[in-house]
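The residues making up each chain are set out below.
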Amino acid sequence: MSGVKRVYKWFAPDAEKEEDGRDKWPSRTAFVLAAMGGAVGLGNLLRYPSVVFANNGVQWFIPYLIALFFLGIPVLILEICIGQAYRGGVVVAFHGISKHTKGVGLAVIMTGYVVATYYVPILAFIMHYFRSSFQSPLPWTGRGTEFYMVDVVANPDPIPGTIENDAVTSYTSYPSKGLVGETVGWCAFMWFMVFLCMFKGVGVTGRVVYLTMGLPIVMVFVLMGRSLSLENATNGVKMYFAEWHGDKLASGGIWQAACGQIFFSIGVGFGYFTSYASYNTKFSNAVQDAFIIGLSNSLYEVLAGFAVFGIIGFLELRPEDGVKLSTFTVGFLTYPLAIVEMPGANFWAVIFFLTIALLGLSSAFALVESMVTMLCDTALGRKYPRPVISTGVIVISFLLSLMYCTEFGFYLLDAVDGWTNNLALIFVVWCEGIAVTTIYRHKDVIRQVGMVAFVINTAAYMLSMILAVAVAQSVSAAAGASVGFGIFIVGTIAAVLLSKTPDSIPPRFWGKGALQSKLWWLSFYSCNQLRRDLNNVVAQGKNWKIPVIWGPIIKYISCPILAIILSFAYPDFYNEKRKDPLQIFAFAVAHIVMIIIALGFIVPRAFDVFIPPEKQYLADTPYAPQVTILGMMHESDAVEARVVENEGSSDGEATNGKKG
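Let me begin by describing the structure that accompanies this report. If you're wondering where the values come from, they're calculated on a predicted model, not measured in any experiment.

1. Observations concerning the overall build of the chain
Here comes step 1: Of regular secondary structure, the chain possesses 26 helices and six strands.
Here comes step 2: Relative to the compact-globule value of 26 Å for 660 residues, the chain shows a C-alpha radius of gyration of 25 Å, a close match.
Here comes step 3: Scored against the burial criterion, the 660 residues of the chain give a buried share of 59%.
Here comes step 4: Long-range pairs, those at least 24 residues apart, make up 81% of the contacts in the chain with a sequence separation of at least 6.

Next comes the structure, spelled out in structure tokens:
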């Protein structure tokens, strides 16, 4: 019995504690691998090659890298830094941003949790293939589509609905509604594996990630070597990395695809980066970690692309021949059919499906972690040990995921996946950007330039995005851009002219005149002050600082890009999806996050149940223009925040000077 206890203690050790009593990662490597495990998933090995295939050529990497550095990494820096600085999960962190943005934090968690409930059933499909990989000959030989849709998915074809004269005349119907036995079994198994990976917190997760992330890194090189040794594999590599199609850069499709891939691939907006970062030591090198995670994620999928494009060359697939690939096509049709023709097919099938199963597992327990962290942080959650809370969450999650294990579950999964990613996820990250660049410490802005100027400027900024994409969808892109820029410019000028003259001098150029000073307070203060406040925690010693351009990038590049991507969702629903009950259900579920965000803004006290008592003070930011606030990070988590003036800032920012 003592031997069993020793094995248990080795596998699931108690987490070490930080000075404030919060659990902490056993090492920085464990945190980075866990965060990478959340980022690197099925989207890297399966979705990425399908997106690149439709936009093949080296020109793909121009919008891809721009999206990485202007969309993915800035938001990743935000999520990691606020988790580490506020020492709490997503709701706690956004409570620290403003008491009105707690709903944003809860919406982020709900988005990630919805994904988790259908992500594990996808892993059940993978495990069906993994089990079948030990049969010889491979059971999908000569019948790839039939094996996938009939044997694995086992969903009868729906009876399609119809739209006539712009009205729904009949709705899509699904003839069967029973459970698919093997899918249920594998789903239960994978939920149990998720439980084992995170039931006791970062102590056990810090050990598990060396396997769930380390093994797929090795395996992708093995798969890449095998794929590139196939006949005609070089043709696929040439299509991927050695052709130039500059004309594609003139279309919006490749830019939209690159932004979407970076966004979905890194995994911002699901909450696990903030939750994981809350278990870092207070002064970890958060900015450097964000770059390591973001760049490693992209490096992994770029290398994995060689493995898949070797297969594409082997199968002689070309986009100009009308071939279209999707995430499911690559994972369950293209690669398995190629494996059949390889020597040692069973071995390579086992390796491939084990790789994507481990990648999916690391993402699955990261997605659930946000929910568990939030519950453990509450006053009620602290009455129960983490294993009890983890068990409850896993059991409920399994029961919810059963709807995707039915004979209509595949179509429900496709619907929920589409609307969660294309609508809910985009919207919550857009709200994250608005919260940290416009709402954070808005009290300082209002007192410096006046309520009227603040409201006009904020309204112009928001409406410029909302009306621009609305006009672009209904009229033309040029008209939308004209409306957006027009509203923004006119609103900004009006706000500057109607604002009071600030008495706290902005830094450098911005403090040389009244107009520049007003513009800085209205346009840059919130994001710049958040950067300074966070840097007082994450940039200690030789740690990397959040750069000055970080806030403006999120506010004026990332948020408009997200608004544009979001605008494509509604026409798609109205034109095609409104005749399908499952699509209507998924569309409605995606809007729940919007309701949560709105309620959080209107009745913030209703969300206080998710904030531990000692963290309630975080939203009580005093009026202190250009003063960096350290109270939210002090060691004892006392109720009263301390305000410390950042005199002689090394990056040249002004201190709290008064015009004289």
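Next comes the rest of the write-up.
2. As for empty space enclosed by the protein
Here the idea is plain: a probe the size of a water molecule rolls over the atoms and shows the empty space left.
Here comes step 1: Summed over all chains, the structure comprises three cavities of 30 Å³ or more.
Here comes step 2: One number sums up the size of the second largest cavity: a volume of about 60 Å³.
Here comes step 3: In this structure, the second largest cavity is lined by 13 residues; those nearest its centre are Thr438, Phe454, Leu522, Ser526 and Lys555.
Here comes step 4: When residues of the lining of the second largest cavity are traced back to their parent elements, those giving at least two are helix H18 (409–439), helix H20 (451–474), helix H22 (514–523) and helix H23 (525–538).
Here comes step 5: Class assignment for the residues of the lining of the second largest cavity results in six nonpolar, six polar and one charged.

3. Comments concerning unusual backbone geometry
Trans peptide bonds make up most of the peptide bonds, and negative phi angles are found at most residues other than glycine.
Here comes step 1: Residue Pro137 is reached from Ser136 by a cis peptide bond, and omega for that bond is 0 degrees.
Here comes step 2: Unusually for a residue other than glycine, Arg441 sits at a positive phi of about 50 degrees.
Here comes step 3: As for its placement among the helices and strands, Arg441 is situated in the loop between H18 and helix H19 (442–449).
Here comes step 4: Positive phi values are uncommon outside glycine, yet Arg508 reaches one of about 50 degrees.
Here comes step 5: Looking at where Arg508 falls in the secondary structure, it is placed in the loop between helix H21 (477–498) and H22.

4. Points about the nonpolar core
Nonpolar side chains in soluble globular proteins tend to end up buried together.
Here comes step 1: Trp60, Val194, Phe273 and Ile293 are the most contacted members of the largest nonpolar core, which has 206 residues in total.
Here comes step 2: Setting aside residues up to four positions removed in sequence, Phe273 forms contacts with Ala35, Ala39, Leu76, Glu79, Ile80, Ile266, Gly267, Val268 and Ile293.

5. Here's the deal with the layout of surface pockets
Here comes step 1: Approximately 1,400 Å³ is the volume found for the largest pocket.
Here comes step 2: Contributing to the lining of the largest pocket are 44 residues, with Arg47, Phe264, Thr327, Asp417 and Asn421 lying nearest its centre.
Here comes step 3: Every element with two or more residues in the lining of the largest pocket is listed here: helix H2 (28–39), helix H3 (42–54), helix H6 (102–132), helix H12 (252–266), helix H15 (327–340), helix H16 (345–377), H18 and helix H25 (569–575).
Here comes step 4: When the residues that make up the lining of the largest pocket are grouped by side-chain class, the tally is 22 nonpolar, 17 polar and five charged.
Here comes step 5: Taken as a whole, the second largest pocket holds about 830 Å³ of empty space.
Here comes step 6: Contributing elements (two or more residues each) for the lining of the second largest pocket: H12, H20, H21 and helix H24 (550–567).
Here comes step 7: Considering each element in turn, the lining of the second largest pocket owes the most residues, eight residues, to H24.
Here comes step 8: When its residues are assigned to classes, the lining of the second largest pocket shows 19 nonpolar, eight polar and no charged.

About the cut-offs
Residues numbered from 1 in each chain as written. Predicted model: local features only at pLDDT ≥ 70, side-chain atom pairs only at ≥ 80, totals over all residues. Heavy atoms only, no water. Helix = DSSP H or I, 4+ residues; strand = E, 2+ residues; numbered from the N terminus. Rg over C-alpha atoms; globule rule 2.2 N^0.38 Å. Buried < 20%, exposed > 50% of the residue type's maximum accessible area, 1.4 Å probe, protein only. Contact = heavy atoms within 4.5 Å. 1 Å grid on protein atoms, 1.4 Å probe; cavity = no way out; pocket = protein on both sides within 12 Å on 5 of 7 lines; lining within 4 Å. Points joined across faces, edges and corners; volume = space filled by probe spheres on them. Nonpolar A, V, L, I, M, F, W, Y, C, P; charged D, E, K, R; others polar. Core = buried A, V, L, I, M, F, W, Y, C linked by side-chain atoms within 4.5 Å.

In short, geometric facts, not functional conclusions.
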